[in-house]
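# Structure assessment
Below, each chain spelled out in residue letters.
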Amino acid sequence: MSIMKIENLEAKIGDKNILKGLNLELEAGKVHAIMGPNGAGKSTLSKTIVGHYDVEVTGGDITFKGKSILEMDPEERALEGIFLSFQHPVEIPGVNNAYFLRTALNAKRKHQGKEELNAAEFLREMKSHLADLGMKSDMISRSLNEGFSGGEKKRNEILQMLILEPEVIILDEIDSGLDIDALRQVSEGINKMKDGKRTFLVITHYSRILDYIEPDYIHVLKDGKVIKTAGAELVPYLEEHGYDGIKED
Amino acid sequence: MNLITLKNKNAEEVATLLGIKERNSLVEKFAALGLPHKMTEEYHYFDVEKLLDVDYKTLNYVPKSIEEGDKIEIVDGVVTTAPKGLRVYTDVCENIDMEHFDGLYYLGHLLSPRVIKIEVDGDAHVEILHKYTQSDALINYRVEISNQANRHVTMYENFETADIKNTLVLYGYDMHIAQDSTLRMVRLQTMSGNAYSMVSSHKITVAKNASVVLKNFDFGGDQALQVLKVELGEYAHVDAGHLLYLNDDSKRGTASQIIHRGEHSTSKQVAKNILDGQARGIFDALIRVEHTAKFTKAEQNANSILLHEKAYMASKPQLEIYIDELEASHGATTGQLDEKQLFYLQSRGISYIEARKILVVAFANTLIETVKDTRHQERIKDAFEQVFYASNKG
């Protein structure tokens, strides 16, 4: 069953047309990997799905659970269940990480008609997640991402994902800047969320992350379009032949 | 009394208009600097003439017997309560700076020949509450503060009003920080409703090896300018932080001069300004390093966020340096809220309006959290959020 459908999507950033009639269907509960060379439009695709200000959609549509999301604000898309783990999470000095996480969680709970959590209830919820991700408890009392290492920032992204429990999770270059140990912990956090219901869109330049998060589908993106969709068996082929060796479907 | 009558008057005329027969040197200093106007550098962005050109009623400053209380309360320029153990009395000011750059500093001293003296012995926490209860009045008073060598004092300065309108307060302190001592001054001033305007003109002398920490939190509307001159001796230090959150058509800010006179003196001045509505913020700050101040370290930075297209920030950090052996830096930025940060919060389901509030509060907190005492830190946070949320409903 399809949870998200992208049809003939055209989008630009500034004057540059980047997505040029992209088609992609995400099957609920599956792991989809988007691979492609630099400049293919991978990050623009993730930005377009979450409604980033930089992107102007000039054609096509994105539907999520049967509803078009293009007119929705970024926060509405998030509340509906779309989550982007950023390649470069921003630092926000002065915003306490725990306060931010609780505000985000309570926005979601309010949207779902649930009661908001107070600080004590929230901290109880957090503790097990922190341990699973190998995060020190002081990380939630620090300013959001301020002074965090690359690995800590990515763990913090996964922590948000675990707390907000989205339905579609976009991981944009989640492996960039991670050493092997951090990559393993981050991957474990992601795999913990794989329950056959949640859908993952793993955007990556390299196949390394796919050793840890096993994909159901590989989509090759080139020049703003998906040119090939195949199973995980495509990964070794790409390793050997590169993207130039791919023939368009 | 209409203070504008003192405009462009010579010393003799000033003395006649103010009914002053003595204190000629002060009259001459005031006449030489003149009543500030739009072309006076420190007042360039502040409509001071509009405030001065009003017929205010004058008050009688008769000292009262001071009752014991938990803080120093000054009501309409007269001390009413003070804590036990502090020396608080009224007397002639003996330490007037004869090289101040501000005409209103001298006018303040001319109008208030007797000042409120606060002498702090030992280590202490002192709260000063200024209360204003008179409408359409000119309230003028000055305070002289001194501490003891090798002691550490923290002062919290707050302002309250009764239901008043259109009053002008001319106020200021002369502060002497003794050798090897520390004085921290945390000032919180929320203004609204055109209750009063204020020009406060200060002078702080920091002796050898002493340190002064000034944290100013100016919130809300109306008109106020803080004019500040700080002189640093050998190994002396000043840490000045200014947080401004203005709304409506407010005009407020700081015009300051920090003067390094002694070797190895250090200064750090940080301004964070948030301007909403049609407000105008002022940060006109000069750090001057004199020939005698080798090995000085001076750092000055101003960051401003404009929340409305009609808001304006006059940010003018300046360095004036007469030696080579020093470390100095300064900078200023003015802009909108960071879009990347806004988007990040929205992408987690936080609404645009709430995300904007979170970022503004965070920007303010970077200065508020430099106040060490958590009780006062919370009080300042509450004051800020109260004013900010009142202006940003929804």
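Our subject is the structure listed above.
Moving on to the overall build of chain A. When its secondary structure is counted, chain A shows seven helices and 12 strands. Since a compact globule built from 249 residues should have a radius of gyration of about 18 Å, the 18 Å found for chain A is in line with a globular shape. Along the longest, intermediate and shortest principal axes, the C-alpha atoms of chain A span 55 × 40 × 35 Å. Within chain A, the fraction of its 249 residues that count as buried is 43%. When contacts within chain A are restricted to residue pairs at least 6 apart in sequence, long-range pairs at least 24 apart make up 71% of them.

To continue, consider the environment of F219 of chain B. Residue and element names in this part refer to chain B. As for its placement among the helices and strands, F219 is situated in strand β13 (residues 211-220). By C-beta crowding, F219 is classed as buried, having 25 other C-beta atoms within 10 Å. Each C-alpha atom of the pair F219 and I164 lies 18 Å from the other, and the pair is 55 residues apart in sequence. Once residues within four sequence positions are removed from consideration, F219 is found in contact with T190, Y245, A383, F384 and V387.

This next bit is on the sheet that holds strand β17 (residues 266-275) of chain B. All names here are of chain B. Taken in spatial order, the 11 strands line up as β2-β4-β3-β7-β9-β11-β13-β15-β17-β19-β21 in an open sheet, and their pairing is mixed. Two strands bound the open sheet, and with one partner strand each, they are β2 (67-68) and β21 (326-335). With three bridges joining them, strand β3 (residues 72-75) and strand β4 (residues 78-82) adopt antiparallel strand pairing. The residue bridging V75 from the neighbouring strand is V78, located in β4. In this fold helix α6 (residues 352-368) packs onto β15 (237-246), β17 and β19 (296-306), with an angle of close to 155° to the strand it touches most, β17.

Residues and elements named next belong to chain B. The buried fraction of helix α4 (residues 103-111) amounts to eight of the nine residues, a majority that puts the element mostly inside the structure. Of the positions making up α4, those classed as buried are G103, L104, Y105, Y106, L107, G108, H109 and L111. The inward-facing, buried residues of α4 contact α2 (24-33), β8 (137-146), β10 (167-177), β12 (196-206) and β14 (223-232).

This part takes up the interface of chain B and chain A. Residue-level contacts link 17 residues of chain B with 21 residues of chain A. When residues of the side of chain B that touches chain A are traced back to their parent elements, those giving at least two are α5 (339-346) and α6 of chain B. Looking at the side of chain B that touches chain A residue by residue, the classes come out as seven nonpolar, seven polar and three charged.

Residue and element names in this part refer to chain A. Two elements in contact, helix α5 (residues 150-164) and helix α6 (residues 180-193), have axes separated by 10 Å at closest approach and are oriented at 10°. The pairing of α5 with α6 is recorded here as roughly parallel in orientation. Here G151, K154, R155, I158, M161 and L162 of α5 lie close against α6, whose contacting residues are A182, Q185, V186, G189, I190 and M193. Residues of the contact of α5 with α6, tallied by class, amount to seven nonpolar, three polar and two charged.

Moving on, we come to the sheet that holds strand β11 (residues 217-222) of chain A. Adjacent strands of a sheet form backbone hydrogen bonds with each other and so pair up, either parallel or antiparallel. Residues and elements named next belong to chain A. Taken together, the six strands give an open sheet; going across it, the order is β6-β9-β10-β3-β11-β12, and neighbouring strands pair in mixed fashion. Among the strands making up the open sheet, the edge pair consists of β6 (82-85) and β12 (225-230). Averaged over all adjacent pairs, the angle separating strand axes in this sheet is 20°, with direction ignored. In terms of strand pairing, strand β3 (residues 31-35) meets strand β10 (residues 199-204) through five bridges, oriented parallel. Looking at β10, one finds that V31 is bridged to F200.

Judged by nonpolar contacts, the single largest core of 183 residues is most densely connected at I170 and V202 of chain A together with V206, Y245, I274 and A364 of chain B. It is α6 of chain B that provides the largest number of residues to this core, a total of nine residues. Apart from residues no more than four positions distant in its own chain, I274 of chain B is found in contact with L244, Y245, I305, L307, V360, F363 and A364 of chain B.

Bringing the packing of helix α1 (residues 11-18) of chain B against α2 of chain B into the picture now. Residue and element names in this part refer to chain B. Following both chains from N to C, one finds α1 and α2 inclined at 115°, their axes separated by 8 Å at the closest point. Between α1 and α2, the angle is such that the two are roughly perpendicular. For the element pair α1 and α2, the recorded crossing hand is right-handed. Contacts between α1 and α2 pair A11, V14 and A15 from the former with V27, E28, F30 and A31 from the latter.

Okay, the environment of D76 of chain B next. Residue and element names in this part refer to chain B. By secondary structure assignment, the location of D76 is in the loop between β3 and β4. On the neighbour-count criterion, D76 (20 C-beta atoms within 10 Å) is buried. The sequence separation of D76 and I139 amounts to 63 residues, and the corresponding C-alpha distance is 6.2 Å. D76 has contacts with L59, Y132, T133, Q134 and I139, leaving out every residue within four places of it along the chain.

Right, let's talk about α5 of chain A for a bit. Residues and elements named next belong to chain A. Taking 1.5 Å per residue, 15 residues should reach 21 Å; α5 reaches 21 Å between its end C-alpha atoms and fits that length. Looking at the buried side of α5, the elements it contacts are β6, α3 (97-111), α4 (119-132), β9 (168-172) and α6. E165 lies just past α5 and shows a positive phi near 45°.

Residues and elements named next belong to chain B. One non-glycine residue, Y235, adopts positive backbone phi at about 60°. Among the structural elements, Y235 can be located in the loop between β14 and β15. In the Ramachandran plot, D248 falls in the positive-phi region, its phi being about 50° despite a non-glycine side chain. One can find D248 in the loop between β15 and β16 (251-260).

Procedures and definitions
- Residues numbered from 1 in each chain as written.
- Chains lettered and ligands numbered in written order.
- Predicted model: local features only at pLDDT ≥ 70, side-chain atom pairs only at ≥ 80, totals over all residues.
- Helix = DSSP H or I, 4+ residues; strand = E, 2+ residues; numbered from the N terminus.
- Rg over C-alpha atoms; globule rule 2.2 N^0.38 Å.
- Buried ≥ 20, exposed ≤ 12 C-beta atoms within 10 Å, placed from the backbone.
- Contact = placed C-beta atoms within 7 Å.
- Pairing = 2+ DSSP bridges.
- Axes fitted to C-alpha atoms, helices over the stretch in contact; angles between N-to-C directions.
- Nonpolar A, V, L, I, M, F, W, Y, C, P; charged D, E, K, R; others polar.
- Parallel < 35°, antiparallel > 145°, perpendicular 65-115°, else oblique.
- Core = buried A, V, L, I, M, F, W, Y, C linked by C-beta atoms within 7 Å.
- Left-handed = near helix turned anticlockwise from the far one by under 90°.
- Expected span 1.5 Å × (residues − 1).

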